[in-house]
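Coordinates in review
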Amino acid sequence: MPLTISDSIQIEDWEISESFTRSSGPGGQNVNKVSTAVELRFEAERSPNLPIGVKTRLRGLAGRRWTKDGALVLQVEDTRSQARNREIARDRLVELVRQALVKPKRRIATKPTYGSKQRRIKAKKVRGDVKALRGKVDREE
C-alpha cells in the first residue's frame, strides 16, 4: 500500500525496504528475543514521484541519514512493538517529505532606516561615554 504524501505525491512500496533488528533499551528479556527495531530505507534519489527540488531539500533535511547512494535511512526503536515502530518510521518519513515540499521564502535584502541608524549610533555613543568614565582617577595632592 503506497504512502500518500500529498495529492500529487505518493511513495510506492518498491521504493521502501524495511529490516528488523534487536532493539536496545527497556524491554527486559523481550529485547534479547524479539527483533523490534526497524530500519526503514527509502530510495529517494531513484524515486520517480519526487521532483528534483524536493529531493534536494530532503537531502538537506535528512543530514546524516542520507546515504551516498541517495537513500534515506530511518532507524526507530522507540517502543517494544515491531508494528508500532514500523508505523512511527513511516510517519517520520511522511513528515520529512512533507517538510521538503515546502519551498523556503526568498529573503529580500532591505536597508536599515535612517532612524534605526541614528538610534544605533546614539546607543554606541552612550555606551562609549559610560566606558570612558571607568578610567583611572588622577589624584591631585
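Residues numbered from 1 in each chain as written. Predicted model: local features only at pLDDT ≥ 70, side-chain atom pairs only at ≥ 80, totals over all residues. Heavy atoms only, no water.

As for the nonpolar core
Ranked by internal contacts, the top residues of the largest apolar core, which has 24 residues, are Ile11, Phe42, Leu58, Leu72 and Leu93. Mapped by element, the contributors of at least two residues to this core are strand E4 (37-42), helix H2 (52-62), strand E5 (72-76) and helix H3 (82-101). Counting residues per element, this core draws most heavily on H3, which supplies seven residues. In this structure Leu72 touches Leu40, Arg41, Phe42, Leu58, Ala62, Arg65, Trp66, Leu93 and Leu96, once residues within four positions along its chain are discounted. (Core = buried A, V, L, I, M, F, W, Y, C linked by side-chain atoms within 4.5 Å. Buried < 20%, exposed > 50% of the residue type's maximum accessible area, 1.4 Å probe, protein only. Helix = DSSP H or I, 4+ residues; strand = E, 2+ residues; numbered from the N terminus. Contact = heavy atoms within 4.5 Å.)

Overview of the side chain of Lys55
Looking at where Lys55 falls in the secondary structure, it is placed in helix H2. Although Lys55 is buried, it makes no salt bridge; Glu45 carries the closest opposite charge, 5.1 Å away. (Lys, Arg positive; Asp, Glu negative; His and termini not counted. Salt bridge = Lys/Arg side-chain N within 4 Å of Asp/Glu carboxyl O.)

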